[in-house]
Every structure is written in C-alpha cells, then in structure tokens.
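Listed here are the chains, written in short residue letters.
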Amino acid sequence: MRTNDEMTRLQAAVSALGDVNVSAWPEDTLKDQLGELSAVLVALDTLLTRVAEEVRARGMRIEEPVSA
C-alpha cells in the first residue's frame, strides 16, 4: 500500500473516532456494547502503540501539533 493511501486511511479512522460520542449512548446500549467496545479500545491501543514504537525505533519523536 502506498504511504498516501495509508495516511488517508489513518485520517479516516481519526474522523470516524471523532464521531463517536459514547456519553450520548443510552445506558442499556453502553452496557450491551461494553465487551465489544472494550475489545476495540484495547486493539486500538495496541496498534497505536506499535505504530508509535516503530516511529521511535527509527530515532524520531512523536510530537503534538502546536495550535495556531
């Protein structure tokens, strides 16, 4: 996969996550989805950590963008 395609997919994932508003979910829905939500959050954490470690392993830093 080309790097531009990968970046587009990562940006789409960020956008999709930005649209998730768990605080607006009804309590029953959250309880019903909690197992799956937990698994997804753990998987995301694992993958984000892997990507960050790969960047750091190449001697680069991951920095928070400075607000304009």
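In this report, the structure presented in the accompanying data block is examined. (Residues numbered from 1 in each chain as written. Predicted model: local features only at pLDDT ≥ 70, side-chain atom pairs only at ≥ 80, totals over all residues. Heavy atoms only, no water.)

Here we come to helix α2 (residues 27–57). For α2, spanning 31 residues, the distance from its first C-alpha to its last is 42 Å, which sits close to the expected 45 Å at 1.5 Å a residue. By the largest-angle criterion, L34 marks the main kink of α2, which is about 60°. (Helix = DSSP H or I, 4+ residues; strand = E, 2+ residues; numbered from the N terminus. Expected span 1.5 Å × (residues − 1). Bend = angle between axes of the 7 residues up to and from the residue.)

To continue, consider the pattern of salt bridges. Oppositely charged side chains can pair when the atoms bearing their charge come close. Using the criterion set out here, one finds two salt bridges in the structure. Among the salt bridges present, the one from R50 reaches E54, with a minimum N-O distance of 2.9 Å. With a gap of four residues between them, R50 and E54 both fall in helix α2, about one helical turn apart. R50 gets classed as partly exposed once you look at its relative accessible area, which sits at 40%. Residue classification places E54 among the partly exposed positions, given a relative accessible area of 43%. In this structure, R61 and E63 form a salt bridge, with 3.3 Å as the shortest nitrogen-oxygen distance. Here R61 matches E63 in class, with each residue exposed. (Salt bridge = Lys/Arg side-chain N within 4 Å of Asp/Glu carboxyl O. Buried < 20%, exposed > 50% of the residue type's maximum accessible area, 1.4 Å probe, protein only.)

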